[in-house]
Amino acid sequence: MSISIISLIWLTLWINMAQLQQGGPDEKEKTTALKDLLSRIDLDELMKKDEPPLEFPDTLEGFEYAFNEKGQLRHIATGEPFIFNAREDLHRWNQKRYEALGEIITKYVYELLEKDCNLKKVSLPVDATESEPKNFIFMSEDAMTNPDKLMILIHGSGVVRAGQWARRLIINEDLDSGTQIPYIKRAMDEGYGVIVLNPNENYIEVEKTKSQVHLSSDGSDEPAEKRERKDKTFKEAKKRRDFYEKYRNPQKEKEMVPLYIRDNGSPEEHLIYVWDHFITHSAAENTFFVAHSYGGLAFVELMIQREADVKNKVTAVALTDSVHNVWHQEAGKTIREWMRENCCNWVSSSEPLDTSVESMLPDCPRVSAGTERHELTSWKSLPSIFKFFTEASEAKNSSLKAALTRRSHRIKHEEI
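Residues numbered from 1 in each chain as written. Predicted model: local features only at pLDDT ≥ 70, side-chain atom pairs only at ≥ 80, totals over all residues. Heavy atoms only, no water.

Some thoughts on the state of the cysteines
Stated precisely, the cut-off is as follows: Disulfide assignment relies on a single distance test, namely cysteine sulfur atoms paired within 2.5 Å. Note on exposure labels: buried denotes an accessible area under 20% of the residue type's maximum, exposed denotes more than 50%, and partly exposed covers the range between, all computed with a 1.4 Å probe on protein chains only.
Across all of its chains, the model carries zero disulfides by this definition. Free cysteine Cys 344: the closest other cysteine sulfur is in Cys 364, separated by 6.7 Å. By relative accessible area, Cys 344 is classed as buried at 8%. For the unlinked cysteine Cys 364, the closest cysteine sulfur is that of Cys 343, found at 5.4 Å. Accessibility expressed as a relative area gives 5% for Cys 364, which makes it buried.

Okay, structure coming up:
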């Protein structure tokens, strides 16, 4: 029996119950009998016949997939790309399978960052105890000591983790377009130190215990009668919700609760923490940011919180389809002026790469990333971003040299 047929049966039964409830005493008796019938149906067994167990391999080999020499994910036997709808009419099962593969992809990218890019993993918070939840970032060996250039990479929101731009691209396209590895390798070839942030790793999940389940409402100062009514309403709502959940989710998964990571409970907190504990202490004369999507919003928040330090330390910022908003984030005039001079946003557009795009916000220039796909903007704009950084570095050095020359002439004039 398919899920769609079961849904139709349930819909018919509920309609009949609604119609019966509008009638007289005889109809109400029929409603009671119908409810009793529904309670006898073993939904667990009925639905399990349709949905396979939510148990999946924990390795790429187990999924029978591997990355080929072009960095494309392909089936080991057929050579075909990944197929989402492995089983028809089982969307939840297919989605869970996709998520399980995504977790394997995340670990695979972490391995590439360490083995292929020679980055080291650094745990956060820096003073974390063994028992508390932890996050981490990846850094090149010279990230703190490189006297010239440092590049910071920040991805967007969602399921992506350190080293990724878009999980969907990694699975459906290739590693180059979906990961930050091309940025890391080119940066290291051009003499940059590198720090790869991990802003979405904000908490760990643990199974909910009985002590964490609140069976009654708050309000111990309320009259007993009122509190009992609220508790009764709460319990009835929970009973209805559980009944529906039994139908919708027959393979009931464990209830989890988040334990947030100290000082890293959001992307914004994570960036500020890394800034305070690492970036500000780096030796680099020129610091550059590449921030995609929500990463751009996090950078603007960093500017709001650490404006003077950012202006002193950062040479240029490349945003890729950033979702920041200087009005909503209440970025001041001096921040907006600095962004106009030192930032550029490569946005999704049908125009050719680097074509100027009109902006409604008074912050930084917007140019086309050469693609209309949001998730591809970082990959497509890579050559332009490195050129932008080089030009910004040269301009800064020229300005510095000019200032030193003026100072030297002034000293000589004073000596005369």
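Side note on the side chain of His 75
Inclusion rule: Each helix corresponds to a stretch of at least 4 residues labelled H or I by DSSP, and each strand to a stretch of at least 2 residues labelled E; elements are numbered beginning at the N terminus. Contacts are assigned to residue pairs that have any heavy atoms within 4.5 Å of one another.
The residue His 75 is located in strand S2 (residues 73–75) in this model. On the basis of relative accessibility, which here comes to 18%, the residue His 75 falls in the buried class. Among all residues touching His 75, those that are not within four sequence positions of it are Glu 64, Tyr 65 and Glu 80.

Examining the pairing of strand S11 (residues 343–347)
Each regular strand displays side chains that alternate between the two surfaces of the sheet. Rule in force here: Any two strands are treated as partners once DSSP identifies two or more bridges connecting them.
Counting buried residues in S11 gives five out of five residues, a clear majority hidden from the surface. On S11, burial covers both faces: Cys 343, Asn 345 and Val 347 on one face and Cys 344 and Trp 346 on the other are all buried. Strand direction decides the pairing type here: strand S10 (residues 314–320) and S11, joined by four bridges, are parallel. Looking across to S11, one finds that Leu 319 is bridged to Asn 345. Looking at chain direction, S11 and strand S13 (residues 366–368) are connected through three bridges and run parallel. If you follow Asn 345 over to S13, its bridge partner there is Arg 366.

Observations regarding unusual backbone geometry
In this model, Leu 124 is joined to Pro 125 through a cis peptide bond whose omega is -10°. Tracing the sequence through the fold places Pro 125 in the loop between strand S3 (120–124) and strand S4 (135–139).

Brief notes about the side chain of Asn 135
Stated precisely, the cut-off is as follows: As used in this structure description, the phrase polar contact means that two N or O atoms lie within 3.5 Å; if the pair is within protein, one of them must be able to donate a hydrogen and the other to accept it, and residues adjacent in sequence are counted only when both atoms belong to side chains.
Take Asn 135: it is sitting in strand S4. At 3.2 Å, the side chain of Asn 135 forms a polar contact with the backbone oxygen of Glu 201. A polar side-chain atom of Asn 135 sits 3.2 Å from a polar atom in the side chain of His 270. Ignoring anything within four residues of it in the chain, the contact list for Asn 135 reads Val 122, Ser 123, Leu 124, Asn 198, Glu 201, Ile 261, Asn 264 and His 270.

Observations concerning the pattern of salt bridges
Once their charged atoms are close, side chains differing in charge can pair, the charge on each being opposite to the other. Definition in use: The working definition used for a salt bridge is a side-chain nitrogen of Lys or Arg within 4 Å of a carboxyl oxygen of Asp or Glu.
According to the stated counting rule, one finds 11 salt bridges in the structure shown. With its nearest N and O atoms 2.9 Å apart, the salt bridge here joins Glu 132 to Arg 262. One end of the pair, Glu 132, is in the loop between S3 and S4; the other, Arg 262, is in the loop between strand S8 (256–260) and helix H10 (267–277), and 130 residues separate them in sequence. Look at the salt bridges and you will find they share partners, linking Arg 168, Glu 173, Arg 373 and Glu 375 into a network.

Here we look at the packing of aromatic side chains
Just so we agree on the cut-off: Note on aromatic contacts: the rings of Phe and Tyr and the six-membered ring of Trp form a pair at centre separations within 6.5 Å, being stacked when their planes are under 30 degrees apart, edge-to-face when over 60 apart, and tilted otherwise.
In this structure the tally under the stated criterion is 18 aromatic pairs. Centroid distance Phe 84 to Tyr 98: 5.7 Å. Interplanar angle 65°. Geometry classified as edge-to-face. Pair noted here: Phe 84 is in the loop between S2 and helix H5 (91–115) and Tyr 98 is in helix H5, with a separation of 14 residues, a long-range link. For Tyr 98, a relative accessible area of 15% corresponds to the buried category. On the basis of an interplanar angle of 40° and a centroid distance of 5.9 Å, the ring pair of Phe 388 and Phe 389 is categorised as tilted. Overall, Phe 389 belongs to the buried group, its relative accessible area being 0%.

Here's the deal with the confidence of the model for the protein chain
Put simply, the rule is: Scored from 0 to 100, pLDDT reflects the predictor's confidence in each residue.
Per-chain confidence: the protein chain averages 84 in pLDDT, with 73% of residues scoring 70 or above. Here residues 213–220 scores under 50 on pLDDT; set against residues more than four positions off or in separate chains, the count is 12 contacts. Note on residues 404–416: pLDDT under 50 across the span, and zero contacts to partners over four residues away in sequence or across chains.

Observations concerning the sheet that holds S11
Applicable threshold: Every axis corresponds to a line fitted to the C-alpha atoms, with the helix fit spanning only the stretch in contact, and the corresponding angles, defined between N-to-C directions, vary from 0 to 180 degrees.
Pairing in this open sheet of nine strands is mixed, and the strands run S3-S4-S6-S5-S9-S10-S11-S13-S12 from one edge to the other. Because the sheet does not close on itself, it has two edges, and the strands there are S3 and strand S12 (356–357). With respect to the sheet, helix H11 (residues 294–305) is in contact with strand S5 (149–154), strand S9 (286–292) and S10, its orientation differing from that of S9 by roughly 135°.

A few points about the environment of Trp 275
Take Trp 275: it is sitting in helix H10. Sequence separation between Trp 275 and Leu 302 is 27 residues; the distance between their C-alpha atoms is 8.4 Å. Apart from residues lying up to four places away in sequence, Trp 275 is in contact with Thr 280, Phe 289, Leu 302, Arg 306, Asp 309, Val 310, Lys 313 and Val 314.

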